[in-house]
Structure formats: structure tokens, C-alpha cells
Amino acid sequence: MTQPDPESAEPSLPALVAAGDAAKALAVLGITVEEVYGALLSGEQAAASTTLYHPSISPGVLRWIETVATFRRLKVENDEWILREPANSPRVVAPDEQVSVMVITGNSLTGTSRTPSTRHKKGPSTARAVSENQNQLVFELEFQVDSSGEISDAVGPLTWVLLYYRASDPNETRVEVSLPRTITEGRISAWKHRIILPPLSHELSLPEGERDDDIDFPIISRGR
């Protein structure tokens, strides 16, 4: 597998990377399969800690929170990646600032050959990240002139998504690390590159009461 062009944040990868080649493709991004699975397992343990007395959305929310936290911790501890949180959207960024990763839940097509989307509508921070990806991928902007008249690097990191879906039958988490290209009506719906990992099987079933379908949070206007 070829290495990325040093003048571009986009790596040299096929549009769809099958599970058998996932480890090599992730290595191009500076990520390991073990880091992805470690984060997902931490999320699964957090979800399993809930009881019948927790709100029904708790397993899914806690799974996401702990998956985010563990993946970020592993990248910081293992490779000195950088924590970022633009507009409360948690990311972790490679030291060379070529790769940024955010963790998002996907729909049931996640980790399959069919095209998935994000499970829930995303906010303006995610939309902005996808827009910035589009600018880099379409126009391949490499530099700009700053206010002092000097040429400065304008290429920010390409934002990748660790996209996962917790299925009940089969009892597994499907996962991919993919580069979003288009967001439609609040959901990421198209991808430039998709690195599909083998599904992560679980011994424990979904926590009792956790739903296997979408749970949306209502957005309430405060009149501002």
C-alpha cells in the first residue's frame, strides 16, 4: 500500500477497503485495529453497567461516551495525538495535523458493502468538518497567503469518522473508519474512503431495554 502524498492530507487508499486489508489501511492513518476494538470494548462495558432504572437511552449514550474517551486516550498515550473539541464535538488529531478522528454511531449498513449514514442528525460542527473535507478533496488547496503576506499552510486535517453500529442479531458491533464527503439533511450520507473492519462479536447481549433502532434527541428552540 502506498504512503500518502506528503503535500496532501488525503492518503492513497481505494474507495472501499475490505476487512482483510483493514490493518494496513488504518496504519496509513496512524491507527491500529487494536485501538479501535479497545475503544469499542470499553464502550460495551459502559453500556453493560446500566440497570433497568437507567433511562432507556443510557446504554447507547454511555457506549458512545466511553468509546470516544478510550479511543482519544489510546491515541494520546500511544502516539501523542492532540485533543480537540470544536463546538463541543470531541476529536483527536494526529501530531502532524493531517488526520482528525471523531466517533459517531452509524445505521445498520455500517461495516457492510452498502453505503451507511450516521444514525442521528449531526450539528453544525460536523457539517463544517465535512465541508472542509469537500474543499480539500475537490479543490486540493495547499496554501494561502496570511495577513503578514507570508505563505502559510491552509490545509487542516481531513476529518475521518470512526463509525460503529451495535447490532443485536448477530450479536456484534460493526465498525469502519471512513472519510465523509457529503452531509444531507444533517446526516453524513456519502464517503470518499471507507475502511471496513471485521465485526466485533460479543458474548453479552444488548442491555435489557436498549433499543436496536434510532433514538433521536429533540432540538428545542430557545428563541435566540
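The structure we're discussing is the one just above.
Criteria and thresholds
- Residues numbered from 1 in each chain as written.
- Predicted model: local features only at pLDDT ≥ 70, side-chain atom pairs only at ≥ 80, totals over all residues.
- Heavy atoms only, no water.
- Salt bridge = Lys/Arg side-chain N within 4 Å of Asp/Glu carboxyl O.
- Helix = DSSP H or I, 4+ residues; strand = E, 2+ residues; numbered from the N terminus.
- Buried < 20%, exposed > 50% of the residue type's maximum accessible area, 1.4 Å probe, protein only.

With respect to the pattern of salt bridges
For the structure shown, the criterion picks out nine salt bridges. Linking E85 and R72 is a salt bridge whose minimum nitrogen-to-oxygen distance equals 3.8 Å. Of this pair, E85 sits in the loop between β2 (82–84) and β3 (91–93) while R72 sits in helix α3 (residues 58–79), and the two are 13 residues apart along the sequence. Of the charged contacts, one joins K75 and D79 as a salt bridge, the two residues approaching to 2.5 Å between their closest N and O atoms. Note that K75 and D79 are positioned in helix α3 at a spacing of four residues, about one turn of the helix. Of the residues examined, K75 reaches a relative accessible area of 0% and is grouped as buried. On the basis of relative accessible area, D79 is assigned to the partly exposed category, the value being 34%. Ionic contacts of the salt-bridge type, sharing partners, join the residues E35, K75 and D79 into one network.

Here's the deal with unusual backbone geometry
Cis geometry marks the peptide bond from D169 to P170, where omega comes out at 5 degrees. Its identity as a non-glycine residue notwithstanding, E97 has a phi of 60 degrees, on the positive side. Secondary-structure assignment places E97 in the loop between β3 and β4 (99–105). You will see that E185, though not glycine, has its phi angle at about 50 degrees, which is positive. Residue position: E185 is located in the loop between β8 (172–184) and β9 (187–196).

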